[in-house]
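Examination of the molecular architecture
Listed below, chain by chain, are the residues.
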Amino acid sequence: MTEETPAQYAGPKRVLSGVQSSGALHLGNYLGALVKFTRLQHEMDTFIFVADLHSITAWQEPALLAAQTREIAAAYIAAGLDPKVATIFPQSAVPEHAELAWIFNCVARLGWLDRMTQFKEKSGQHKERSSVGLYTYPVLQAADILLYKATHVPVGEDQKQHLELTRDIAGKFNHDFDAPGFFPLPESLIQGPGARVMSLRDGLAKMSKSDPSDASRINLMDDADTIANKIKRAKTDPLPVPETVEGLEGRPEADNLVGIYAALTGATKAEVIAEFGGKGFGTLKPALAAVAVDKLGPVGGEMRRLMSDPTEIDSVLKAGAEKARAAAAPVLAETRKRVGFWGA
Ligand code: TYM
């Protein structure tokens, strides 16, 4: 693998990230991704897309896919992304993603992809029945990022390995095509208590839209009663909230609830422990439910409003796609030239 220092890339800082349009968004997506997007849009040029090419690596009902894409865009806006500040677009509306992904398919090595843990998790027992797209999915992700020469990628912890692969692909391309510093080696922005939100039913499993139990996750569109009920029923152990952060070790459910409270309030786990340490979960849970309803209620409400009439979202996505294509085209043209394609 090629090592290159990020310092060799001299271009401007740029943020890029995305969420798949494959089902309802949950608290993990909100804390691991959406909250960071809204903060970063005021710090750097920000591109946030709906990863609908990624979502079809598993079967998506054609009649529902466009609505799912709009739903993610609605969540972005409802969570606070401002379309006048950030560029919001559907991945499939920018065909340059797929073209760069093909070039990167020829840069990435099979051995690199063989190590991807998310493919192993998602393909499960049925590897040979998985789509080829599911296997090369992280290569498309590298193309998403490098097509905009993004330098910063806010994601949850589960995407860390994909970001490392992106850096490897960027480094190998720059090396193979004698283009030092052409692509940046992007940094993942993962840190914070919301980087890995766990299931409410099992503190060792990630909160996920594919978990068959709806009680395992808080969906962004859940109403206040549902949110409060899910938190009330969340699994805990019989001990009180520990009095030190170290006391959370070996107590995954307690750690998760303290982490969620911290992430929702912008506090550290230590600050949450200072407030609730020594008290029972009968005290922490209602406080957490109140905070969750307070933060998520308006997001769900705004999503419902936006989705009741697609005109506004569609115009955001259309304008965003035009801006994205304008940013992507020169990078792809230069890449084609480096590769040596006829006419490039
Ligand atoms: P996706 O759609 O699975 O998830 C979207 C974002 O939510 C984060 N996330 C979580 N964070 C904390 N706790 C959880 N339980 C949790 N579950 C999900 C994910 O880490 C992610 O940030 N491959 C990506 C989409 C993608 C992408 C990209 C991201 C495609 N191209 C380029 C960044 C840059 C995915 O499937 O995310």
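An account of the accompanying structure is given in this report. Remember, predicted model here, so these are calculated numbers, not experimental data.

**Considering the layout of surface pockets**
Empty space within the largest pocket amounts to approximately 1000 Å³. Listing elements by their share of the lining of the largest pocket, those giving two or more residues are β1 (14–20), α1 (27–40), β2 (45–51), α2 (52–55), α6 (117–123) and α7 (132–146).

**Some words on the site of the ligand**
In the neighbourhood of the ligand, 29 residues make up the surrounding shell, with Q20, Y137, D144, D158 and V197 lying closest. Backbone polar atom of G28 to a nitrogen atom of the ligand: 3.1 Å apart, as the coordinates give it. One of the side-chain nitrogen or oxygen atoms of Y137 is found 2.4 Å away from an oxygen atom of the ligand. Here the ligand loses 97% of its free accessible area of 710 Å² to cover by the protein chains. At a threshold of 2 Å from the grid points, most atoms of the ligand map onto the largest pocket. Within the residue set of the shell around the ligand, elements represented by two or more residues are β1, α1, β2 and α7. Per element, the largest residue contribution to the shell around the ligand is 5 residues, and it comes from β1.

**Here's the deal with α7**
Compared with an ideal rise of 1.5 Å per residue, which puts 15 residues at 21 Å, α7 spans 22 Å between its outermost C-alpha atoms and is within 8% of the ideal. Of all the bends in α7, the greatest, near 45°, is centred on P138. Within α7, 12 of the 15 residues are buried, which leaves it mostly tucked inside the rest of the structure. The complete set of buried residues in α7 reads L134, Y135, Y137, P138, V139, L140, Q141, A142, A143, D144, I145 and L146.

**What to know about empty space enclosed by the protein**
For the structure shown, the criterion picks out 1 cavity of 30 Å³ or more. For the largest cavity, the calculated volume is near 40 Å³. Among the residues forming the lining of the largest cavity, the class breakdown is 4 nonpolar, 2 polar and 1 charged.

**Some details on the nonpolar core**
Core analysis: the biggest nonpolar cluster contains 55 residues, and L27, Y30, L34, Y76, L220 and L264 have the highest contact counts within it. The set of elements that each furnish at least two residues to this core consists of α1, β2, α3 (62–79), α9 (224–232), α10 (252–265), α11 (269–276), α12 (281–308) and α13 (311–339). Here this core gets 10 residues from one element, more than from any other, and that element is α12. Residues within four places of L264 in sequence aside, it is in contact with L27, Y30, L31, L288, V291, A292 and K295. If you look at the next biggest cluster of nonpolar residues, it comprises 47 residues, including F47, L134, Y148 and I190.

**Concerning unusual backbone geometry**
Located in the positive-phi region is K149, a residue other than glycine, with phi close to 50°. Residue position: K149 is located in the loop between α7 and β4 (152–154). Residue classification places K149 among the buried positions, given a relative accessible area of 18%.

**Re the packing of α3 against α12**
The geometry of α3 relative to α12 is characterised by a closest axis approach of 8 Å and an angle of 130° between their N-to-C directions. The orientation of α3 relative to α12 falls into the category oblique. The way α3 lies across α12 gives a crossing that is right-handed. Residues E71, A74, A75, I77, A78 and A79 of α3 form the contact with α12, whose participating residues are V299, E302, M303, L306 and M307. Residue classes in the contact of α3 with α12 are distributed as 9 nonpolar, no polar and 2 charged.

Rules of the game
- Residues numbered from 1 in each chain as written.
- Predicted model: local features only at pLDDT ≥ 70, side-chain atom pairs only at ≥ 80, totals over all residues.
- Heavy atoms only, no water.
- 1 Å grid on protein atoms, 1.4 Å probe; cavity = no way out; pocket = protein on both sides within 12 Å on 5 of 7 lines; lining within 4 Å.
- Points joined across faces, edges and corners; volume = space filled by probe spheres on them.
- Helix = DSSP H or I, 4+ residues; strand = E, 2+ residues; numbered from the N terminus.
- Near = heavy atom within 4 Å.
- Polar contact = N/O pair within 3.5 Å; in protein donor to acceptor, adjacent residues only side chain to side chain.
- Areas by Shrake-Rupley, 256 points an atom, 1.4 Å probe, with all protein chains shown as cover.
- Sits in = over half its atoms within 2 Å of the grid points.
- Expected span 1.5 Å × (residues − 1).
- Bend = angle between axes of the 7 residues up to and from the residue.
- Buried < 20%, exposed > 50% of the residue type's maximum accessible area, 1.4 Å probe, protein only.
- Nonpolar A, V, L, I, M, F, W, Y, C, P; charged D, E, K, R; others polar.
- Core = buried A, V, L, I, M, F, W, Y, C linked by side-chain atoms within 4.5 Å.
- Contact = heavy atoms within 4.5 Å.
- Axes fitted to C-alpha atoms, helices over the stretch in contact; angles between N-to-C directions.
- Parallel < 35°, antiparallel > 145°, perpendicular 65-115°, else oblique.
- Left-handed = near helix turned anticlockwise from the far one by under 90°.

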